[in-house]
Amino acid sequence: MNWYFVRHGEIDSNVKKIYAGWSEEELTPRGRKQAIEVAKKLAHFDIDKIYTSPLRRAVQTAEIIGDFLNKAPFIERDFKELRLGIWEGMSEEEVSKQFPEKWKIWNTRPADLVLDDREPLGELLKRVLAGMEKIRAKQEDSAILIVTHVAIIRVLLLHTRKMDLNTYRAITVPNGKIFEMQNNLLY
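For the structure given in this document, a descriptive report is provided here. (Residues numbered from 1 in each chain as written. Predicted model: local features only at pLDDT ≥ 70, side-chain atom pairs only at ≥ 80, totals over all residues. Heavy atoms only, no water.)

1. Side note on the packing of helix H2 (residues 29-42) against helix H3 (residues 56-69)
What counts here: The axes are straight lines fitted to the C-alpha atoms, using for helices just the contacting stretch, and the angles between their N-to-C directions are given from 0 to 180°. The way it works is that DSSP assigns letters per residue, a run of H or I at least four long becomes a helix, a run of E at least two long becomes a strand, and they are numbered from the N terminus. For classification purposes, angles smaller than 35 degrees are called roughly parallel, those larger than 145 roughly antiparallel, those between 65 and 115 roughly perpendicular, and all remaining angles oblique. By definition, turning the near helix anticlockwise from the far helix through less than a right angle yields a left-handed crossing, and turning it clockwise yields a right-handed one. Residues are treated as being in contact if the distance between any of their heavy atoms lies within 4.5 Å. Under the grouping applied here, Gly and all other residues not named as nonpolar or charged are polar, the nonpolar ones being Ala, Val, Leu, Ile, Met, Phe, Trp, Tyr, Cys and Pro and the charged ones Asp, Glu, Lys and Arg.
One can describe the packing of H2 onto H3 by two numbers: an axis separation of 9 Å at closest approach and a directional angle of 40 degrees. Compared by their axis directions, H2 and H3 come out oblique. The handedness of the crossing between H2 and H3 is right-handed. Here Arg32, Ala35, Ile36, Val38, Ala39, Lys40 and Leu42 of H2 lie close against H3, whose contacting residues are Gln60, Thr61, Ile64, Ile65, Phe68 and Leu69. For the contact of H2 with H3, the residue count by class is 9 nonpolar, 2 polar and 2 charged.

2. Focus on the sheet that holds strand E5 (residues 178-182)
Applicable threshold: A pair of strands counts as paired when DSSP detects no fewer than two bridges linking them.
With mixed pairing, the 5 strands of this open sheet are ordered in space as E3-E2-E4-E1-E5. At either end of the open sheet lies a strand with only one pairing partner, and these are strand E3 (74-75) and E5. Examined bridge by bridge, strand E1 (residues 2-7) and strand E4 (residues 143-148) share 6 bridges and lie parallel to one another. Looking across to E4, one finds that Tyr4 is bridged to Leu145. Contacts from H3 reach strand E2 (49-52), E3 and E4, with the element oriented near 165 degrees to E2. Sitting on the sheet, helix H6 (residues 121-138) is in contact with E1, E2 and E4, with an inclination near 135 degrees to E1.

Below, the structure is given as structure tokens:
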């Protein structure tokens, strides 16, 4: 089974360096263009099914891709972005000033960050792998596209590379980029 992951197109919070979390922001015009461009690239892949996070920005991206590939996307809650708790909706600058010690941990040892109502990276990875296992159990030798978010792709890339989750910040995940992973990442 081949897995393809795409980060949703750009939203205003990406531009303003605001932690969007579970917000229901829509794509910017640039985000829509990014979704169209990735759809054109994916036309050369043999995608069997499209799954998406339930958040609006991911759904919009998946629908644009799905329209282009003539495939309706399926919502999968396990691919929803990292739950950010109190940081959701705050800019990086605001977080650094209001939570200096937690900010330092987030930037140096992100897997060790403990914050009320914030999902730890280890729990996020478990959730995403469980979602993939549900899909894998239903599919055979398929090419699956998942439209999701930066944190999901980062933890999966670290997992596949057998890297510590504390190296989370070393992974760059631009909006509208395709990442390919093999089925063995589930084991």
